[in-house]
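Residue-level listing of the chains:
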Amino acid sequence: MDFKLEVAKKISEQVDMELEKVLDLIEIPPQSNMGDYAFPCFQLAKIMRKPPHMIAKELAEKFVGDNILEKAEAAGGYLNFFINKAEYMKYTINDVLEKGMNYGKQAGNEDKTVLVEFSSPNIAKPFHVGHMFNTVIGSAIEKVFRHLGYNTQRLNHIGDYGTQFGKLISAYKRWGNEEVINKDPINELLKIYVRFHEEAEKDSSLEKEGRMYFRQLEDNDSEAVAIWQKFKDLSLREFKELYRVLNIEFDSYNGESFYSDKMPEIIEMLYAKELLVESEGARIVDLSEFNLPPCLVIKSDGATIYVTRDLAAALYRKRAYDFYKNIYVVGGTQALHFKQVFSIMKLLGYDWADDCVHVGTALVKFADKKLSTRKGDVIFAKDVIEEAEEKTLEVIESKNPNLANKELVAKQVGIGAIIYTFLKNSRVRDVVFSWEESLSFEGESGPYVQYSYVRGNSILNKAGDYNKDPDLSVLTSEDEFNLVKLLGSIDDVLREAAERFEPFVVTRYATDLAKAYNKFYNSHHILNAEEKVKDARLALTRAVCVVLKISLGILGMETPESM
Ligand code: ARG
């Protein structure tokens, strides 16, 4: 049962306002003595032409309590609702325990397809922490939508096409050493790519050569294609290894090259609608009606670009998936690019362009270094992961040297610590990474939340067999009620996270739940309580563990059994 919905129903029965609207207005009061839900009457005041406090008073008088909502009180312009605590606790705990990992799953969205594109690294370029940040955010966003019952697809729009591959082919033919490259592909390919740029500064014929190889690639020349395919295979091998470590999977790896043969159709459409304007030999689309700068679509040498492939990709996705939402989780610096792409689709008459969303991500900073792929001073995701595992192992060695499966736990906790750090704040805020903060077992950190789960889990293990039908009416303390209220708010949390495309809403929720559980644990006996109370508190503990596991799972974090 959705208690908030019950409140909304009660209100909309009495007044002339749609249920949806009422639901939207309902707030959670800042203090528990102000009730569990509050309805502000200010908007009604405008409709009913009465002061808000009078409306609140009248509604409170008409209110009849039941086993869901005990009472309603007017307080200024607000109508405060108090839920029937005992019923609420019983209902919510049983709901979690019955549904298990499906708790909070919504029905009714299954025929809406939500595409979430994320990660999208460029082949032959390092997968740096910035990509990892983006990957972790995108994956969490997809999981939020999945838990809300949408039919989701995880897309990786690999950067595997463009003039730079002509340069790389040239560099490879000049200085590539197969054996060295096979050992450490991305590093070595990056090295020869950097060398290409250095030498091209001295010898301008290199640029020409690069362009020639790209042309060969576009013309399907078998040698050029084979070399490019090798870059791609080697790079994907490395990327997939990282995804494996992070437990990340994709439904599609269709990258830019996949759309290269789908560009002519889009270009034809643009010509047919007379949207392509000539400008110094190149072809651009005027976007002044959207208040955007013109968008280059075809270069003066006839070559297509990144934008051209994104136009083709958007149309392909609509046709292939008939999406409800097409979400691009991509660095915030590409905001203009996506505005231009979506606007051009609108000019082509595709109103579904409004269902395309660019979800921007910020940067990851270490100390005072900004990450860039240009010079080669990048921080590789795999190095960060390795360091996290090592450092976590050290912590475990000192705190709990006899722990079984130390390596596995170090991996779960180390990676969890990074993920938590990435998902702790809004995705538009730069992450300033510090090991000390990430790996702390206290405060707002991944290890802290995981440890709270472990704590609950170990109590359950100690308890062994449990009463399947405990009397939950013995849970009467404020700490217990607060905990259950958190369990019951998962729907709201997921909805907010989805609406804002913000996984941190879930991170904050998991942290609040962990904190509330620790507070409960520190001030109440569980195993030592008298039988009936023990049974009820164990049921509550089981429910908390389930919901912690669900929320950490959405974030992409594992839950170790012990640590
Ligand atoms: N490969 C690009 C990069 O690393 C990101 C691709 C974003 N996706 C897209 N559909 N354009 O910058």
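Treat the numbers as computed from the prediction; the structure is a model and nothing was measured.

Asker: Please provide a residue-by-residue account of the side chain of glutamine 340, values included.
Answerer: On the secondary structure map, glutamine 340 appears in helix α14 (residues 335–347). The class of glutamine 340 is buried, set by a relative accessible area of 8%. In this structure, glutamine 340 is in contact with Leu287, Leu292, Pro293, Pro294 and Cys295, ignoring residues within four places of it in sequence.

Asker: Please provide a residue-by-residue account of the site of the ligand, values included.
Answerer: The immediate surroundings of the ligand are formed by Glu117, Ser120, Asn122, His131, His157, Tyr306, Asp310, Tyr328, Val330, Gln334 and Phe338. Contact distances for the ligand include 2.8 Å between a nitrogen atom and a side-chain N or O atom of glutamate 117. Taking 350 Å² as the accessible area of the ligand by itself, protein coverage stands at 88%. Listed by contribution, the elements that provide at least two residues to the shell around the ligand are α13 (306–321) and β9 (325–331). Residue composition of the shell around the ligand, by class: four nonpolar, five polar and two charged.

Asker: So what about the sheet that holds strand β2 (residues 69–75)? Which residues, and what values?
Answerer: Read from one edge to the other, the open sheet built from three strands follows the order β1-β3-β2, with strand pairing classed as antiparallel. Because the sheet does not close on itself, it has two edges, and the strands there are β1 (37–40) and β2. Pairwise comparison of adjacent strand axes, ignoring direction, gives a mean angle of 20° for this sheet. Across four bridges, the pairing between β1 and strand β3 (residues 78–83) is antiparallel. Along β3, the bridge assignment pairs alanine 38 with asparagine 80. Along the sheet, helix α4 (residues 52–62) contacts β2 and β3; its crossing angle with β2, the most-contacted strand, is approximately 155°.

Asker: I'd like to hear about the confidence of the model for the chain, residue by residue, with values.
Answerer: Across the chain, the average pLDDT comes to 94, with 98% of residues at 70 or higher. Overall, residues 370–376 carries pLDDT values under 50, and its contacts beyond four positions in sequence, including any with other chains, amount to ten contacts.

Asker: Tell me about the pairing of β9, and name the residues and values.
Answerer: The buried fraction of β9 amounts to five of the seven residues, a majority that puts the element mostly inside the structure. With four bridges joining them, strand β4 (residues 113–117) and β9 adopt parallel strand pairing. Residue pairing across strands places leucine 115 opposite asparagine 326, the latter belonging to β9. Pairing of β9 with strand β10 (residues 356–361), which is carried by six bridges, proceeds in the parallel orientation. Among the inter-strand pairings, tyrosine 328 is bridged to a residue of β10, identified as histidine 358. Handedness of the β-α-β unit built from β9, α14 and β10 comes out right-handed.

Asker: Got a sec to walk through the packing of aromatic side chains? Specific residues and values, please.
Answerer: Applying the stated criterion to the full structure yields 29 aromatic pairs. Taken together, a centroid distance of 5.5 Å and an interplanar angle of 75° make the contact between phenylalanine 42 and tyrosine 78 edge-to-face. Highlighted residues: phenylalanine 42 in helix α3 (residues 42–48) and tyrosine 78 in strand β3, separated in sequence by 36 residues. Given the relative accessible area of 29%, tyrosine 78 is considered partly exposed. Summarising the aromatic geometry, the rings of tyrosine 161 and phenylalanine 214 are spaced 5.6 Å apart at their centres and angled 65° between planes, so their arrangement reads as edge-to-face. Separated by 53 residues along the polypeptide, tyrosine 161 in the loop between β5 (151–155) and α7 (164–175) and phenylalanine 214 in helix α10 (residues 205–218) bring together distant segments of the chain. We classify phenylalanine 214 as buried; its relative accessible area is 3%. Here the aromatic cluster, defined as three or more aromatic residues joined through ring pairs, consists of Phe118, Phe127, Phe239, Tyr243, Phe250 and Tyr253. Note that lysine 262 overlies the ring of phenylalanine 258, its terminal NZ or CZ placed 4.0 Å from the centroid.

Asker: Explain helix α5 (residues 85–99) residue by residue, including any values.
Answerer: The terminal C-alpha atoms of α5 lie 21 Å apart, and with 15 residues this matches the ideal 21 Å at 1.5 Å per residue to within 8%. Within α5, the full set of buried residues consists of Tyr88, Met89, Thr92, Ile93, Asp95 and Val96. Seen from one end, α5 has its buried residues packed into an arc of 155°, which puts them on one side. Where α5 is buried, its residues touch α1 (3–14), β3, α19 (478–488) and α22 (531–555). In the segment just after α5, glycine 100 is the residue with positive phi, at about 55°.

Asker: Explain the pattern of salt bridges to me, and be specific about the residues and the numbers.
Answerer: Following the criterion strictly, the structure yields 38 salt bridges and no others. When the shortest N-O distance is used, the salt bridge between aspartate 36 and lysine 485 registers 2.9 Å. Of the two residues, aspartate 36 is situated in the loop between α2 (19–25) and β1 and lysine 485 in helix α19; the sequence distance between them amounts to 449 residues. The exposure class of aspartate 36 is buried, given its relative accessible area of 4%. The salt bridge partner of lysine 424 is glutamate 437, with a shortest N-O separation of 3.4 Å. Taken together, the residues lysine 424 in the loop between α16 (406–423) and β13 (431–433) and glutamate 437 in helix α17 (residues 435–438) connect sequence positions 13 residues apart. Residues participating in the shared-partner salt-bridge network are Lys4, Asp492 and Arg495.

Asker: So, unusual backbone geometry: which residues are in play, and what are the values?
Answerer: Positive phi outside glycine occurs at glutamate 274, with the angle close to 55°. As for its position among the elements, glutamate 274 is in the loop between α12 (263–272) and β6 (276–279). A relative accessible area of 69% means that glutamate 274 is categorised as exposed. Unlike most non-glycine residues, glutamate 280 shows phi in positive territory, near 50°. Residue placement: glutamate 280 occurs in the loop between β6 and β7 (282–285).

So, how was this worked out
- Residues numbered from 1 in each chain as written.
- Predicted model: local features only at pLDDT ≥ 70, side-chain atom pairs only at ≥ 80, totals over all residues.
- Heavy atoms only, no water.
- Helix = DSSP H or I, 4+ residues; strand = E, 2+ residues; numbered from the N terminus.
- Buried < 20%, exposed > 50% of the residue type's maximum accessible area, 1.4 Å probe, protein only.
- Contact = heavy atoms within 4.5 Å.
- Near = heavy atom within 4 Å.
- Polar contact = N/O pair within 3.5 Å; in protein donor to acceptor, adjacent residues only side chain to side chain.
- Areas by Shrake-Rupley, 256 points an atom, 1.4 Å probe, with all protein chains shown as cover.
- Nonpolar A, V, L, I, M, F, W, Y, C, P; charged D, E, K, R; others polar.
- Pairing = 2+ DSSP bridges.
- Axes fitted to C-alpha atoms, helices over the stretch in contact; angles between N-to-C directions.
- pLDDT = per-residue confidence, 0-100.
- Right-handed = clockwise from strand over helix to strand, strands pointing away.
- Phe/Tyr/Trp six-rings, centres within 6.5 Å; stacked < 30°, edge-to-face > 60°.
- Lys NZ or Arg CZ within 6 Å of the ring centre and 35° of its normal.
- Expected span 1.5 Å × (residues − 1).
- Arc of directions from axis to C-beta.
- Salt bridge = Lys/Arg side-chain N within 4 Å of Asp/Glu carboxyl O.

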